[in-house]
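# Examination of the molecular architecture
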Amino acid sequence: QYGALMYCKWLYNKTGIFYRLPTEAEWEYACRAGSKTAYPFGNDEKQLGDYAWYAGNSDNKYHQVMKRKPNALGLYDMTGNVAEWTLDQYNEKYFDEIKPGTTDPVLEPTSTYPITLKGGHFRDDAVDLRSAARLPSNRKWNARDPQIPKSKWWIADAPFVGFRIVRPVKQPSQAEAEQFFEKLLSL
């Protein structure tokens, strides 16, 4: 997540436009694309191969994007291929923590681990690619990093993790953007 957030910061400094990782709720909303079913395309697991790379068809590797069908919003690879970072701290009781009626919910991170990933990946079974499925990040994903101290930039043992960014409609002020990056990158 650190590398993905640094990319967002670099992009902001380069363009003056604020980008960030989606919250878990934003990510799921975009994935579902208005559906209320297990997958964005319905409940039939047999159709998953038309929309996603997963354990059943990936050959145990990630693939070039846009090689499967998009969801109803025209977004590709929302499920499968690589799991995607969100802004949220992972909490098993996420739905208990979010107050009913809350708009734009987020569980702000207070530590580096675990962070929530969404979408499932090329090694996952079909059930792990459901729109509501969640994955906590794991410190073990960087176990083989030979550097001392271990790198914050890459995760040596997680080739199944990627990211997608969002551009909020309401752009923060420069001070707000800098505070956002400072807070998250200091964890």
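### Thoughts on the side chain of D77
Its location among the elements puts D77 in the loop between α3 (48–51) and β1 (83–89). Apart from the residues lying within four places of it in its own chain, the contact partners of D77 are W53, V65, M66, E84 and R164.

### Quick notes on the layout of surface pockets
In this structure, the largest pocket encloses a volume near 490 Å³. Taken together, 23 residues line the largest pocket, and the ones lying closest to its centre are Q1, Y2, T112, Y113 and K152. Every element with two or more residues in the lining of the largest pocket is listed here: α1 (2–15) and α5 (174–185). Its residues assigned to classes, the lining of the largest pocket comprises 13 nonpolar, seven polar and three charged. When its volume is computed, the second largest pocket comes out at roughly 400 Å³. The wall of the second largest pocket is formed by 13 residues, among which R20, L87, V106, E108 and F180 lie closest to the centre. Here the element with the most residues in the lining of the second largest pocket is α5; it accounts for three residues. When its residues are assigned to classes, the lining of the second largest pocket shows seven nonpolar, one polar and five charged.

Cut-offs applied
Residues numbered from 1 in each chain as written. Predicted model: local features only at pLDDT ≥ 70, side-chain atom pairs only at ≥ 80, totals over all residues. Heavy atoms only, no water. Helix = DSSP H or I, 4+ residues; strand = E, 2+ residues; numbered from the N terminus. Contact = heavy atoms within 4.5 Å. 1 Å grid on protein atoms, 1.4 Å probe; cavity = no way out; pocket = protein on both sides within 12 Å on 5 of 7 lines; lining within 4 Å. Points joined across faces, edges and corners; volume = space filled by probe spheres on them. Nonpolar A, V, L, I, M, F, W, Y, C, P; charged D, E, K, R; others polar.

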